[in-house]
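Results of the structural survey
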Amino acid sequence: SPILIDSVLLCSGLALVHFWLLVSLNPCAGAPDPGQREAMMRQEASQRTGGGLVLTPAELRLDALLHRLKRQEAGAAPFPPAMHFFRARPLIQRSPIFKLLQKMPKGGALHVHSSAMVSVDWLVKNVTYRPHCYVCFTWGGSVRFLFSAQRPFPRWDCFNWQLLASLRAAAADPAELDASLARNLSLFTENPEAAYPTQDAVWDRFDDAFLAISGLVTYAPVFRDYLYQGLEQFYADNVMYLEIRAGLSRTYELDGSTHDRTWSLKTCKDLSERFRAEHPDFLGMRIVLSAHRVLGVSAIKAAVMEAMELQEKFPDVVAGFDLVGREDEGRPLWFYREALALPARLGVTLPYFFHAGETDQEGTDVDINLLDALLFNTSRIGHGYALTRHPLAKDLSRKQGVAVEVCPISNQVLKLVTDMRNHPASVLLAEGHPMVISSDDPTLFGTAGLSYDFYEAFVGLGGLSADLGTLKELAMNSIRFSSLSPRLKDRGLEMWQKKWDEFVAKSGE
Ligand SMILES: *[C@@H]1O[C@H](CO)[C@@H](O)[C@H](O)[C@H]1NC(C)=O
Ligand SMILES: *[C@@H]1O[C@H](CO)[C@@H](O)[C@H](O)[C@H]1NC(C)=O
Ligand SMILES: *[C@@H]1O[C@H](CO)[C@@H](O)[C@H](O)[C@H]1NC(C)=O
Ligand SMILES: [Zn+2]
């Protein structure tokens, strides 16, 4: 070879022979030790969520299948996790991975809001078709609903109430009327980039959709059926337990009379028990009472006091307390420190489940919520989107076992992240940070249950590295990090394991 000839000219004969032998006999000379490389890869894989689990032969078979499917999905364009969920949804619905995730026993959904827990379809097709449903179109082009025995009086945001049944009967295209109602009750749209150019724009619509929904679901008879339907939809998606953030504003009857929070909690308790009686493999539903973070300190004090009372009255149902609403617009947790310190001052245990770090605005007062949530001994962190930017908070949350409730679709629709592969929780997943997956507001995001968020987490956040062990640990985490008593957690894990084994046996074939 030319090198050899050049070398002959340059080197002494002996050195050349030595050099030539080395290169020809060991082509890897100078390269790192492959054994060491293997060990490093194994060590890193073991750190990921589920990386410490030893899979059974049946699980390994299913894992191999999942891996194969993931490679196909990652190789195909377009790749759903890289797209806006509203565009990706039809692709995800056709994905064989998604179909497996639907069948997978996912444990509990620990971060879901009571006013957005069913599919928008059910709200339109069932709730708005009930008698005495009045509708009003606001100046801003949105809708409000009210069930009433008589035509409701005009109010500041609503001038002209019409009976929806009459409107439908007179409509040239009733299907289009229903579609427009659905658009008002949800954020789902074909062209999300144009509809929601900024975080402000999407949050405006988000808040408005909640106002539209509230007239429907705070009607007492609907409230009952609605919660039941919520449980049905999660159960149908193989979720066995729910923790619901609920403000529990007053519910009303046709004659305008109202019920208070005690009535609503009693209803939740009865429903959860009825549902459990009818579905013995369901663990139940618990409520995290929540107040809005635009309120003043005294209002939050009152809310905290009431939460302590209700927790005492309904210990099986009330899990704790949270503050909800857009963090960037609301007051930081520290603003409420006096109110939030009340339970500790009174010697009462009121667990907190704070939304914290649902922001991309590093360094703002709100961005400190993560540290404050931990200072107030939060049991879990809602979203924690900013956690990777707070090394101390991250470390504490890990050491104290304060799990992060990751809701990928919510974060994308509310414009914190575009491509799911760049979601910060992908780092947390790679590190095995305590974490659960949840769906936040299915009604608003055009989903139902939990499987869509599991898909985004598994395929998008986890990439090719996340495996069946990851899914298994995420599901178990949802019971481990729930607010259930140790006894119920044990029972829940046992029930879950049975379902899991059946799922693995059926799906891996
Ligand atoms: C709505 O759902 C309830 C069950 O939750 C059912 O009894 C009722 O018939 C449904 N109504 C309509 C209009 O579909
Ligand atoms: C809400 O409904 C009204 C009335 O049908 C419609 O004009 C409006 O476009 C809808 N809003 C959205 C966001 O689609
Ligand atoms: C948080 O927990 C620590 C340690 O148990 C306790 O000392 C502190 O009072 C708690 N803080 C609050 C606000 O509950
Ligand atoms: Zn939330």
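Here's what I pulled together on the structure shown here.

Cut-offs used in this document
Residues numbered from 1 in each chain as written. Chains lettered and ligands numbered in written order. Predicted model: local features only at pLDDT ≥ 70, side-chain atom pairs only at ≥ 80, totals over all residues. Heavy atoms only, no water. Helix = DSSP H or I, 4+ residues; strand = E, 2+ residues; numbered from the N terminus. Buried < 20%, exposed > 50% of the residue type's maximum accessible area, 1.4 Å probe, protein only. Contact = heavy atoms within 4.5 Å. Areas by Shrake-Rupley, 256 points an atom, 1.4 Å probe, with all protein chains shown as cover. Lys, Arg positive; Asp, Glu negative; His and termini not counted. Charge placed at Lys NZ, Arg CZ, Asp CG, Glu CD. Pairing = 2+ DSSP bridges. Right-handed = clockwise from strand over helix to strand, strands pointing away. Near = heavy atom within 4 Å. Polar contact = N/O pair within 3.5 Å; in protein donor to acceptor, adjacent residues only side chain to side chain. Disulfide = S-S within 2.5 Å. Donors = N, O, S within 2.8 Å, 3.2 Å for Na, K, Ca; no water. Tetrahedral: all angles 85-135°; square planar, octahedral: opposite > 155°, others 65-115°. Patch = residues over 30% accessible without salt bridge, like charges linked within 9 Å, V, L, I, M, F, W, Y side chains within 5 Å. Salt bridge = Lys/Arg side-chain N within 4 Å of Asp/Glu carboxyl O. Nonpolar A, V, L, I, M, F, W, Y, C, P; charged D, E, K, R; others polar. Expected span 1.5 Å × (residues − 1). Phe/Tyr/Trp six-rings, centres within 6.5 Å; stacked < 30°, edge-to-face > 60°. Axes fitted to C-alpha atoms, helices over the stretch in contact; angles between N-to-C directions. Parallel < 35°, antiparallel > 145°, perpendicular 65-115°, else oblique.

As for the overall build of the chain
On a plain count of helices and strands, the chain comes out with 24 helices and 13 strands. For the chain, the C-alpha atoms occupy an extent of roughly 110 × 60 × 45 Å along the three principal directions. Here the chain holds 509 residues, and 53% of them are scored as buried. Sequence-distant contacts in the chain: of pairs separated by 6 or more residues, those separated by 24 or more amount to 76%. Accessible area of the chain: about 22,900 Å², with a carbon and sulfur share of 57%. Charged side chains in the chain number 52 positive and 59 negative. The centres of these two groups are separated by 3 Å.

Examining the pairing of strand E8 (residues 284–292)
Burial analysis of E8 places eight of its nine residues in the buried class, the great majority of the element. In the sheet, strand E5 (residues 241–246) pairs with E8 via six bridges, with the strands oriented parallel. Each bridged residue has a counterpart across the sheet, and for Ile 244 the counterpart in E8 is Ile 287. Taken together, the six bridges between E8 and strand E9 (residues 318–324) define a ladder with parallel strand orientation. From the neighbouring strand, Val 288 faces E9, where its bridge partner is Gly 320. A crossover connection joins E8 to the parallel E9 through helix H14 (residues 297–313); in handedness this β-α-β unit is right-handed.

Some points on the site of ligand 1
Around ligand 1, the structure places Asn 126, Arg 130 and Asp 225. Here an oxygen atom of ligand 1 and a side-chain polar atom of Asn 126 are 2.2 Å apart. Contact with the protein chains hides 43% of the accessible area of ligand 1, taken as 360 Å² for the molecule alone.

Observations concerning the sheet that holds strand E10 (residues 355–356)
Picture the strands of a sheet paired through backbone hydrogen bonds; they go either parallel or antiparallel. Overall, parallel pairing links the four strands, which are arranged E10-E11-E12-E13 in an open sheet. Pairing within the sheet leaves two strands with one partner each, and these edge strands are E10 and strand E13 (435–437). Sheet topology note: the strand E11 (residues 380–383)/strand E12 (residues 403–406) ladder contains three bridges and is parallel. Each bridged residue has a counterpart across the sheet, and for Arg 380 the counterpart in E12 is Ala 403.

Here's the deal with the state of the cysteines
Going through the model one piece at a time under the given rule, you end up with one disulfide. Covalent S-S linkage joins Cys 136 and Cys 158, the inter-sulfur distance amounting to 2.3 Å. Handedness here is read from the sign of the S-S torsion; for Cys 136 and Cys 158, about -115 degrees, the answer is left-handed. Taken together, the residues span a long stretch of sequence, with Cys 136 in strand E2 (residues 133–137) and Cys 158 in the loop between strand E3 (143–147) and strand E4 (162–163) at a distance of 22 residues. According to the relative accessible area criterion, Cys 136 is buried, its value standing at 0%. Free cysteine Cys 133: the closest other cysteine sulfur is in Cys 136, separated by 12 Å. You can see Cys 268 has no disulfide; the closest cysteine sulfur is in Cys 407, sitting 20 Å from it.

Thoughts on the coordination of the zinc ion (ligand 4)
Here the zinc ion (ligand 4) is held by the protein donor atoms His 111 (NE2), His 113 (NE2), His 355 (NE2) and Asp 440 (OD), which lie 2.1 to 2.3 Å from it. If you look at the zinc ion (ligand 4), its four donor atoms make angles of 83 to 171 degrees with each other, and the shape they trace is irregular. Counting gaps between the donor residues of the zinc ion (ligand 4) yields the pattern H-x1-H-x241-H-x84-D. In this pair, His 113 sits in strand E1 (residues 108–113) while His 355 sits in strand E10, placing the two residues 242 residues apart along the sequence.

Overview of a nonpolar patch on the surface
On the surface, Met 305, Leu 346 and Val 348 cluster together into a nonpolar patch covering about 230 Å² of accessible area. Residue position: Val 348 is located in the loop between helix H16 (342–346) and E10. Residue classification places Val 348 among the partly exposed residues on the basis of a relative accessible area of 32%.

Considering the site of ligand 3
Neighbouring ligand 3 are Ala 344, Leu 375, Phe 376 and Asn 377. In the environment of ligand 3, an oxygen atom lies 2.3 Å from a nitrogen or oxygen atom belonging to the side chain of Asn 377. In isolation ligand 3 offers 360 Å² of accessible surface; the protein chains occlude 36% of this area. Residues of the shell around ligand 3, tallied by class, amount to three nonpolar, one polar and no charged.

Quick notes on helix H24 (residues 486–507)
Look at H24: 31 Å from first C-alpha to last across 22 residues, which is about the 32 Å you get at 1.5 Å a residue. For H24, the complete set of buried residues consists of Gly 492, Met 495, Trp 496, Trp 500, Phe 503, Val 504 and Ser 507. Taken together, the buried residues of H24 touch helix H4 (57–75), helix H6 (96–103) and helix H23 (468–480).

Quick word on the packing of aromatic side chains
Under the criterion given, the structure shown has 20 aromatic pairs. Centroid distance Tyr 228 to Phe 275: 5.2 Å. Interplanar angle 65 degrees. Geometry classified as edge-to-face. Taken together, the residues Tyr 228 in helix H12 (residues 220–236) and Phe 275 in helix H13 (residues 261–278) connect sequence positions 47 residues apart. We classify Tyr 228 as buried; its relative accessible area is 13%. Within the aromatic cluster, the residues linked to one another by ring pairs are Phe 85, Phe 86, Phe 98, Phe 188 and Tyr 452.

What about the packing of helix H9 (residues 174–185) against helix H11 (residues 199–217)?
Interaxial distance between H9 and H11 falls to 7 Å at its minimum, and their mutual angle equals 115 degrees. Residues Arg 183, Asn 184 and Leu 185 of H9 touch H11, and the partners they reach there are Arg 205, Ala 209, Ala 212, Ile 213 and Leu 216. Looking at the contact of H9 with H11 residue by residue, the classes come out as five nonpolar, one polar and two charged.

Observations regarding the packing of helix H5 (residues 85–94) against H6
The interhelical angle for the contact between H5 and H6, taken along N-to-C directions, is 75 degrees, at an axis separation of 5 Å. With respect to H6, the element H5 is oriented roughly perpendicular. Judged by residue contacts, Ile 92, Gln 93 and Arg 94 of H5 engage Pro 96, Phe 98 and Lys 99 from H6. Partitioned by chemical class, the residues of the contact of H5 with H6 number three nonpolar, one polar and two charged.

Some points on the environment of Phe 206
Along the chain, the position of Phe 206 falls in helix H11. Judged by its relative accessible area of 7%, Phe 206 is buried. When near neighbours in sequence (up to four residues on either side) are disregarded, Phe 206 contacts Leu 187, Leu 414, Asp 441, Leu 444 and Phe 445.

Treat this as a map of the structure, not an account of what it does.
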